[in-house]
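Summary of structural features
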Amino acid sequence: MTLTAILRGAARTARNANVIFPVLAVTLALLTAGALLAATGTDAVAALGNAFDAALGGTYAVSTTITKALPRLFAALGIAIALRAGLWNIGAEGQLYVGALGAVGVALALEGFP
(Lines give C-alpha, C1' and ligand atoms only; values in the text may rest on other atoms or scores of the structure.)
Protein backbone atom coordinates (compact mmCIF):
# COMPACT_ATOMS: atom_id res chain seq x y z
CA MET A 1 0.00 0.00 0.00
CA THR A 2 1.41 3.36 -0.97
CA LEU A 3 1.54 6.45 1.17
CA THR A 4 -0.94 8.17 -1.15
CA ALA A 5 -3.49 5.40 -0.65
CA ILE A 6 -3.07 5.62 3.12
CA LEU A 7 -3.55 9.40 3.08
CA ARG A 8 -6.64 9.12 0.89
CA GLY A 9 -8.10 6.55 3.29
CA ALA A 10 -7.37 8.82 6.25
CA ALA A 11 -9.02 11.77 4.50
CA ARG A 12 -12.10 9.67 3.69
CA THR A 13 -12.26 8.50 7.30
CA ALA A 14 -11.98 12.08 8.57
CA ARG A 15 -14.90 13.16 6.37
CA ASN A 16 -16.99 10.23 7.54
CA ALA A 17 -16.07 10.89 11.17
CA ASN A 18 -18.14 14.09 11.09
CA VAL A 19 -21.21 11.92 10.64
CA ILE A 20 -20.22 8.66 12.30
CA PHE A 21 -19.16 10.00 15.70
CA PRO A 22 -22.30 12.05 16.47
CA VAL A 23 -24.56 9.19 15.34
CA LEU A 24 -22.52 6.76 17.44
CA ALA A 25 -22.67 9.09 20.45
CA VAL A 26 -26.47 9.43 20.27
CA THR A 27 -26.87 5.69 19.78
CA LEU A 28 -24.67 4.86 22.77
CA ALA A 29 -26.47 7.46 24.91
CA LEU A 30 -29.86 5.96 24.07
CA LEU A 31 -28.61 2.42 24.71
CA THR A 32 -27.08 3.45 28.04
CA ALA A 33 -30.28 5.25 29.10
CA GLY A 34 -32.34 2.25 28.03
CA ALA A 35 -30.10 -0.13 29.97
CA LEU A 36 -30.29 2.00 33.11
CA LEU A 37 -34.07 2.27 32.82
CA ALA A 38 -34.39 -1.48 32.26
CA ALA A 39 -32.15 -2.11 35.29
CA THR A 40 -34.59 -0.18 37.47
CA GLY A 41 -37.53 -2.18 36.15
CA THR A 42 -38.97 0.62 34.02
CA ASP A 43 -40.22 0.06 30.48
CA ALA A 44 -37.32 1.70 28.64
CA VAL A 45 -39.09 2.09 25.31
CA ALA A 46 -42.10 3.79 26.89
CA ALA A 47 -39.91 6.05 29.03
CA LEU A 48 -37.74 7.15 26.09
CA GLY A 49 -40.90 7.66 24.01
CA ASN A 50 -42.37 9.86 26.73
CA ALA A 51 -39.12 11.86 26.90
CA PHE A 52 -39.21 12.35 23.13
CA ASP A 53 -42.87 13.44 23.26
CA ALA A 54 -42.12 15.85 26.10
CA ALA A 55 -39.33 17.47 24.09
CA LEU A 56 -40.70 17.37 20.54
CA GLY A 57 -44.27 16.05 20.77
CA GLY A 58 -46.13 19.21 19.81
CA THR A 59 -45.77 22.90 19.12
CA TYR A 60 -45.83 23.81 22.82
CA ALA A 61 -43.22 21.13 23.60
CA VAL A 62 -40.96 22.33 20.78
CA SER A 63 -41.26 25.97 21.85
CA THR A 64 -40.44 25.04 25.45
CA THR A 65 -37.44 23.00 24.31
CA ILE A 66 -36.16 25.89 22.20
CA THR A 67 -36.77 28.38 25.02
CA LYS A 68 -34.74 26.29 27.46
CA ALA A 69 -32.00 25.37 24.97
CA LEU A 70 -31.20 28.80 23.48
CA PRO A 71 -29.48 30.33 26.55
CA ARG A 72 -27.29 27.24 26.86
CA LEU A 73 -26.50 27.30 23.15
CA PHE A 74 -25.52 30.97 23.31
CA ALA A 75 -23.25 30.28 26.29
CA ALA A 76 -21.67 27.40 24.37
CA LEU A 77 -21.23 29.68 21.36
CA GLY A 78 -19.42 32.21 23.56
CA ILE A 79 -17.07 29.50 24.80
CA ALA A 80 -16.48 28.23 21.25
CA ILE A 81 -15.61 31.72 20.00
CA ALA A 82 -13.21 32.29 22.89
CA LEU A 83 -11.51 28.93 22.38
CA ARG A 84 -11.27 29.54 18.63
CA ALA A 85 -9.53 32.83 19.41
CA GLY A 86 -7.05 30.99 21.60
CA LEU A 87 -8.45 32.26 24.89
CA TRP A 88 -9.37 30.12 27.86
CA ASN A 89 -12.90 30.66 29.09
CA ILE A 90 -14.46 29.03 32.13
CA GLY A 91 -17.22 31.54 32.86
CA ALA A 92 -20.21 30.42 30.78
CA GLU A 93 -22.65 30.63 33.67
CA GLY A 94 -21.43 34.11 34.56
CA GLN A 95 -21.72 35.16 30.92
CA LEU A 96 -25.30 33.95 30.93
CA TYR A 97 -26.14 35.97 34.04
CA VAL A 98 -24.41 39.13 32.79
CA GLY A 99 -26.17 38.79 29.43
CA ALA A 100 -29.53 38.45 31.19
CA LEU A 101 -28.74 41.47 33.35
CA GLY A 102 -27.79 43.46 30.23
CA ALA A 103 -31.03 42.44 28.51
CA VAL A 104 -33.05 43.59 31.53
CA GLY A 105 -31.14 46.90 31.53
CA VAL A 106 -31.91 47.46 27.86
CA ALA A 107 -35.57 46.55 28.40
CA LEU A 108 -35.86 49.00 31.29
CA ALA A 109 -34.10 51.76 29.32
CA LEU A 110 -36.59 51.45 26.44
CA GLU A 111 -39.72 52.39 28.37
CA GLY A 112 -41.95 53.25 25.43
CA PHE A 113 -40.90 50.26 23.36
CA PRO A 114 -43.55 47.50 23.33
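Residues numbered from 1 in each chain as written. Predicted model: local features only at pLDDT ≥ 70, side-chain atom pairs only at ≥ 80, totals over all residues. Heavy atoms only, no water.

Topic: the overall build of the protein chain
Tallying secondary structure elements over the protein chain gives 4 helices and 0 strands in all. What you see in the protein chain, going N to C, is helices and strands ordered as α-α-α-α. Taken over 114 residues, the protein chain has a buried fraction of 7%. When the accessible surface of the protein chain is split by element, carbon and sulfur atoms take 73% of a total near 9300 Å². (Helix = DSSP H or I, 4+ residues; strand = E, 2+ residues; numbered from the N terminus. Buried < 20%, exposed > 50% of the residue type's maximum accessible area, 1.4 Å probe, protein only. Areas by Shrake-Rupley, 256 points an atom, 1.4 Å probe, with all protein chains shown as cover.)

With respect to the environment of A82
Tracing the backbone shows A82 in helix α3 (residues 59–84). Not counting residues within four places of it along the chain, the set of residues in contact with A82 comprises L87 and N89. (Contact = heavy atoms within 4.5 Å.)

Concerning the confidence of the model for the protein chain
Mean pLDDT over the protein chain stands at 86; residues scoring 70 or higher make up 87%. Looking over the protein chain, one finds the lowest element-wise mean pLDDT in helix α1 (residues 3–39), namely 80, and the highest in helix α2 (residues 44–56), namely 93. (pLDDT = per-residue confidence, 0-100.)

A short note on α3
Its 26 residues give α3 an end-to-end C-alpha distance of 35 Å, which sits within 8% of 38 Å, the value for a rise of 1.5 Å per residue. Its axis deflected by about 30° at A69, α3 carries its strongest bend there, up to four residues before the proline P71. Along α3, the residues that are buried comprise A61, A75 and A82. Looking at the buried residues of α3, the elements they touch are α2 and α4 (92–109). At the exit of α3 stands G86, carrying a positive phi of roughly 85°. (Expected span 1.5 Å × (residues − 1). Bend = angle between axes of the 7 residues up to and from the residue.)

Some points on the packing of α3 against α4
It is the contact of α3 with α4, at a shortest axis distance of 9 Å, that shows an interaxial angle of 120°. Classified by the angle their axes make, α3 and α4 are oblique. The element α3 and its partner α4 pack so that their crossing is right-handed. Where α3 approaches α4, its residues P71, A75, G78 and I79 are matched on the opposing element by A92, Q95 and L96. Counted by class, the contact of α3 with α4 contains 5 nonpolar, 2 polar and no charged residues. (Axes fitted to C-alpha atoms, helices over the stretch in contact; angles between N-to-C directions. Parallel < 35°, antiparallel > 145°, perpendicular 65-115°, else oblique. Left-handed = near helix turned anticlockwise from the far one by under 90°. Nonpolar A, V, L, I, M, F, W, Y, C, P; charged D, E, K, R; others polar.)

Overview of the packing of α2 against α3
Between α2 and α3, the least distance of the axes is 5 Å, while the angle of their chain directions is 80°. What the angle tells us is that α2 and α3 run roughly perpendicular. For the pair α2 and α3, contact is made by D53, A54, A55 and L56 and by A61, V62 and T65, respectively. A per-class count over the contact of α2 with α3 returns 5 nonpolar, 1 polar and 1 charged.

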